[in-house]
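An overview of the molecular structure
So you can see what is in the structure, the chains are spelled out below.
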Amino acid sequence: GTHVADIIAGLAGGGVGSGVAPGAEILAIRACSAVATSCSGVALLQAVDFALDPNGDSNLDDRAQIINMSLGGDVDADQTLENAIRNAAAQGVLVVVAAGNDGAAPTATDPAEGTSPTEPAYIAGQTQSLGRVVAVGAVDRNGAMPTFSNRAGGTANFDLLAPGVSVIMAGVDDNIRLPDGTAN
């Protein structure tokens with residue numbers, strides 16, 4: 001969360017550049033624990049619901065304009081999260097989801113694994129997503145897609161690439177980090 005918030009709305013200082021929308025208003029929602037390697041489906045659903053109605057009054061005028069989901073997982077049959085995202089899109093929200101970091105083959109002789117976005121990004125481009133769900137893959141400083149980044153697959157018209165290799169961002173305790181990945 002801290003990394004993505006800095007990339008989006010960070011202000012220049014301490015020798016570090018500004019985010020893409022310096023000073024933008026961020027509605028910070030923690031859906032996963034700080035030490036989680038996976039997130040509860042219920043927590044993700046609650047986070048999407050909160051982003052649509054932050055003050056809980058059933059009036060969506062105060063909804064987030066953009067929901068960023070820097071996460072991904074294996075595609076499964078449960079459509080609950082995907083339906084929550086489609087509902088957000090139907091309310092006029094742009095939902096930006098990491099394409100995934102499963103692109104590379106496990107070994108040199110295995111085929112690439114991440115030939116399409118992970119869950120929930122794979123719904124980008126589906127009719128029910130209303131053109132308001134975007135899957136984001138990674139590029140390096142030379143504009144090349146790193147092997148770890150999932151490819152667009154069938155979501156190509158709703159997929160974009162953004163810097164995802166050694167991106168300078170804020171870390172905890174005012175440290176500077178240079179991580180790789182589509183969730184950054």
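So, here is what we can say about the structure in this document. (Residues numbered from 1 in each chain as written. Predicted model: local features only at pLDDT ≥ 70, side-chain atom pairs only at ≥ 80, totals over all residues. Heavy atoms only, no water.)

**Quick word on the side chain of N150**
Residue position: N150 is located in the loop between β3 (133–139) and β4 (159–163). Judged by relative accessible area, N150 falls into the buried class, the value being 2%. Polar side-chain contacts of N150 include one of 3.3 Å to the backbone nitrogen of G103. In contact with N150, other than residues within four places in its own chain, are A99, G100, N101, D102, G103, G114, S116, P117, T118 and M145. (Helix = DSSP H or I, 4+ residues; strand = E, 2+ residues; numbered from the N terminus. Buried < 20%, exposed > 50% of the residue type's maximum accessible area, 1.4 Å probe, protein only. Polar contact = N/O pair within 3.5 Å; in protein donor to acceptor, adjacent residues only side chain to side chain. Contact = heavy atoms within 4.5 Å.)

**Some words on helix α2 (residues 41–52)**
A rise of 1.5 Å per residue sets the reference length of α2, with its 12 residues, at 16 Å; its end C-alpha atoms lie 17 Å apart and thus fit the reference within 8%. Next to the buried residues of α2 lie β1 (66–69) and α3 (80–90). (Expected span 1.5 Å × (residues − 1).)

**Looking at the sheet that holds β3**
In space, the four strands of this open sheet follow the order β1-β2-β3-β4, with parallel pairing throughout. Looking at which strands have only one partner, the edges of the open sheet turn out to be β1 and β4. Between one strand axis and the next, the sheet turns by 30° as a mean value, whatever way the strands run. Here strand β2 (residues 94–98) runs beside β3; their pairing, made up of four bridges, is parallel. Each bridged residue has a counterpart across the sheet, and for A98 the counterpart in β3 is V136. (Pairing = 2+ DSSP bridges. Axes fitted to C-alpha atoms, helices over the stretch in contact; angles between N-to-C directions.)

**A few points about the pairing of β2**
Look at any regular strand and the pattern is simple: side chains alternate between the two faces of the sheet. Here β2 lies mainly inside the structure; four of its five residues are buried. Sheet topology places β1 next to β2; four bridges connect them, and they run parallel. Bridge assignment links M69 to a residue of β2, and that residue is V97. Running through α3, the crossover from β1 to the neighbouring parallel element β2 is right-handed. (Right-handed = clockwise from strand over helix to strand, strands pointing away.)

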